[in-house]
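Here are the chains, one letter per residue:
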Amino acid sequence: MKKIIYLDNAATTKVAPEVVEAMLPYFTEYYGNPSSVYELAGISKKAVTEGREKVASVIGANPNDIYFTAGGSESDNWALKATYEAYKSKGNHIITTKIEHHAILHTCEWLEKQGAKITYIDVDENGVVDLDQLQKAITPETILISVMAANNEIGTLQPIKEIGAIAKEHGILFHTDAVQAFGQIPINVDECNIDMLSSSGHKINGPKGIGCLYIRKGLKLRSFVHGGAQERKRRAGTENVPGIVGYGVAAERALRTMEERTAKEIEVRDYMIKKIQEEIPYCKLNGHPTLRLPNNVNFSFQFIEGESLLIMLDMAGICASSGSACTSGSLDPSHVLLAIGLPHEIAHGSLRLTLSEETTKEDADFVVEQIKGIVARLRSMSPLYEDFMKKQNK
Ligand SMILES: Cc1ncc(COP(=O)(O)O)c(C=O)c1O
Ligand code: FES
């Protein structure tokens, strides 16, 4: 395969070698079912316990409050559906935001059909939720506030500590989709009054198909998958032991390297942002200038189609994204970019670059050079750009 520069780490990440190494014996040697009684099974059971402890430590949680799932989408579904079911006799109102991942938004749409009332809070032009509007939306019927810790498209970080405090003050449960934030920024479930938190292994150099839902002790959420007694009778099914081992090692690694890794990423991120702003006219940085994920760069380039830009970047060996991975392929502009107030035609010309600790300034130079050339080429073919330039020159 040709050399690639992978800048789509918000979609998924490369599994770290130490993660693969830790997982391998659990496929071939220690393959016992953790629920069985013999020694071989005990090894698997111990591995699951250790994985749970490692994941818990990233968010300062009690390991007994970590429930393994098949990933972020399942965790989001579980948190919302089970909370609604358990607390609907108290009230049917849920507050969320317009920029959540589809795992939240599509679940909310489904809940609306079951009788839930959902308020979707606006965000400002940087993608930060309007706390005033959130507070005003609270009614005696409100049972849950679900706000993501960091946005997957534009990288904006949300004031989850303030939101947790508001929820606590009103006796409302608080869930946060921390799939993008987990292991990237410090989060403590107690300090932020988080009752439920979703995380996913494959965003932190761990394997795909494993994640967790943190559920604070005392919540009466039903089990999401019925069957055996795994995950303290709340999520049946033989544990994904290699996945849990890998997720645990990835979590431990993310926590251990967080400070150094993210400092490095922020340096390259800001270098790249500045270079794009200096070298490419008619572009706009999306997301908050500073309160953003360490590895997120998101720009809109006027007069071009993001999809064409992506295809041409791919030909140059650069993997990027135009919105969230799962909205690519649909012709609708991203709901997140529309929520921050971008007009459709500008939202369509957007590009998300999500770096890793391996991304260097040399990579950034090469990528910006490529973007610059491609944007110029695409603009030279755009009648809109031609019209615009004619007006400018008048
Ligand atoms: C914010 C957010 N929530 C949820 C998910 C879904 O996670 P998973 O792919 O593990 O189901 C993602 C993945 O893109 C995400 O970015
Ligand atoms: S889940 Fe709906 S587009 Fe991704």
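Throughout, residues of each chain are indexed from 1 in the direction in which the sequence is written. Key to labels: chains lettered from A, ligands numbered from 1, both in the order written. The predicted nature of this model means local features are confined to residues of pLDDT at least 70 and side-chain atom pairs, given and counted, to a pLDDT of 80 or more, with totals for whole chains, interfaces and linings taken over all residues. No hydrogens and no water enter the side-chain calculation; it runs on all heavy atoms of the structure.

As named in an unreviewed UniProt entry, the chain is Cysteine desulfurase IscS, taken from Oliverpabstia intestinalis. Under the heading Sequence similarities (unreviewed entry), UniProt records this for the chain: "Belongs to the class-V pyridoxal-phosphate-dependent aminotransferase family. NifS/IscS subfamily." UniProt positions are given in the numbering used here, feature names are shortened, and annotations may be inferred rather than shown by experiment. Regarding the chain, the UniProt comment filed under Cofactor (unreviewed entry) reads as follows: "pyridoxal 5'-phosphate".

**Comments concerning a nonpolar patch on the surface**
Patch construction takes residues with relative accessible area above 30% that form no salt bridge. Like charges are linked within 9 Å, and nonpolar side chains (Val, Leu, Ile, Met, Phe, Trp, Tyr) are linked within 5 Å. Per-residue accessibility takes into account occlusion by the displayed protein chains alone, with areas from the Shrake-Rupley method and a 1.4 Å probe. Salt bridge, as applied in this entry: a Lys or Arg side-chain nitrogen positioned within 4 Å of an Asp or Glu carboxyl oxygen. Among the surface-exposed residues, Met 1, Ile 4 and Tyr 6 lie close enough to one another that they form a single nonpolar patch of about 360 Å² accessible area. A run of H or I in DSSP becomes a helix once it reaches four residues, and a run of E becomes a strand once it reaches two; helices and strands are each numbered from the N terminus. Tracing the chain through its elements places Met 1 in the segment before β1 (5-6).

**So, the packing of helix α4 (residues 72-87) against helix α5 (residues 102-113)**
Note on definitions: angles span 0 to 180 degrees between N-to-C directions of axes, and those axes are lines fitted to C-alpha atoms, for helices only across the stretch in contact. For the pair α4 and α5, the least separation of the axes is 9 Å and the interaxial angle reads 30°. By the angle between their axes, α4 is roughly parallel relative to α5. As for how α4 packs across α5, the hand of that crossing is right-handed. Across the interface between the two elements, Ser 73, Asp 76, Asn 77, Leu 80, Lys 81 and Tyr 84 from α4 touch Ala 103, Ile 104, Thr 107, Cys 108, Trp 110 and Leu 111 from α5. Oblique is the label for any angle not covered by the other classes, which are roughly parallel (under 35 degrees), roughly antiparallel (over 145) and roughly perpendicular (65 to 115). Two helices that cross are described as forming a left-handed crossing if the nearer one is turned anticlockwise from the farther one by less than a right angle, and a right-handed crossing if clockwise. In this description, contact between two residues means that some pair of their heavy atoms is separated by no more than 4.5 Å.

**Here we look at the pattern of salt bridges**
If you walk through the whole model with that rule in mind, you get 21 salt bridges. Salt-bridge contacts for Glu 357 lead to Arg 253; the nearest nitrogen and oxygen are separated by 3.3 Å. Linking Glu 357 in the loop between β12 (350-354) and α13 (361-380) with Arg 253 in helix α9 (residues 241-279), this pair joins segments that are 104 residues apart in sequence. Between Lys 361 and Glu 267 there is a salt bridge, and its shortest N-O distance comes to 3.0 Å.

**A word on the domain arrangement of the chain**
Parsing the chain into structural domains produces domain 1 (5-11 + 258-393) and domain 2 (17-254). Marked domain ranges trace back to an automatic or database domain assignment. On a C-alpha basis, the centroid separation for the pair domain 1 and domain 2 is 29 Å. For the pair domain 1 and domain 2, the summed buried surface comes to about 2400 Å²; carbon and sulfur atoms form 53% of the total. Among the residues domain 1 hides against domain 2, the three largest losses belong to Met 258, Leu 293 and His 335. Together they make up 25% of the total. Viewed at the interface, domain 2 and domain 1 are joined by one salt bridge. If you list the elements that add at least two residues to the side of domain 1 that touches domain 2, you get α9, β10 (296-301) and α11 (335-339). Note on residue categories: nonpolar means Ala, Val, Leu, Ile, Met, Phe, Trp, Tyr, Cys or Pro, charged means Asp, Glu, Lys or Arg, and polar means any other residue, Gly included. Here the side of domain 1 that touches domain 2 is composed, by residue class, of twelve nonpolar, eleven polar and five charged. The buried area of a pairing is the accessible area, by a 1.4 Å probe, that goes missing from both parts when the two are put together, added over both.

**Regarding the UniProt feature "modified residue: N6-(pyridoxal phosphate)lysine" (unreviewed entry) in the chain**
UniProt's feature table lists "modified residue: N6-(pyridoxal phosphate)lysine" (unreviewed entry) at Lys 203, given in the numbering used throughout. Take Lys 203: it is sitting in the loop between β7 (196-200) and β8 (211-215). The buried label applies to any residue whose accessible area, calculated with a 1.4 Å probe on protein chains only, is under 20% of its type's maximum; exposed applies above 50%, and partly exposed to all values in between. Under the relative-accessibility criterion, Lys 203 is labelled buried at 15%. Those residues in contact with Lys 203 that lie beyond four places of it in its chain are Ala 10, Ala 11, Thr 13, Val 179, Gln 180 and Gln 184. Only 2.9 Å separates the side chain of Lys 203 from the backbone oxygen of Ala 10, close enough to count as a polar contact. In protein, a polar contact requires one atom able to donate a hydrogen and another able to accept it; more generally it is a pair of N or O atoms within 3.5 Å, and residues adjacent in sequence count only if both atoms are side-chain atoms.

**Some points on the packing of aromatic side chains**
Pairing of aromatic side chains requires ring centres within 6.5 Å, counting the rings of Phe and Tyr and the six-membered ring of Trp. Pairs whose planes differ by under 30 degrees are stacked, by over 60 edge-to-face, and all others tilted. Counted under the stated rule, the structure contains ten aromatic pairs. Plain terms: the ring middles of Phe 68 and Tyr 247 are 6.0 Å apart, the flat faces sit at 65° to each other, and that makes the pair edge-to-face. On the criterion of sequence distance, the pair formed by Phe 68 in strand β2 (residues 66-69) and Tyr 247 in helix α9 is long-range, its members being 179 residues apart. Grouping residues by exposure puts Phe 68 and Tyr 247 together as buried. Note on Tyr 282 and Phe 303: the rings are 6.0 Å apart at their centroids and 80° apart in plane angle, and the pair reads as edge-to-face. With Tyr 282 in the loop between α9 and β9 (283-285) and Phe 303 in the loop between β10 and α10 (306-315), this pair connects stretches of sequence that are 21 residues apart. Overall, Tyr 282 belongs to the partly exposed group, its relative accessible area being 28%.

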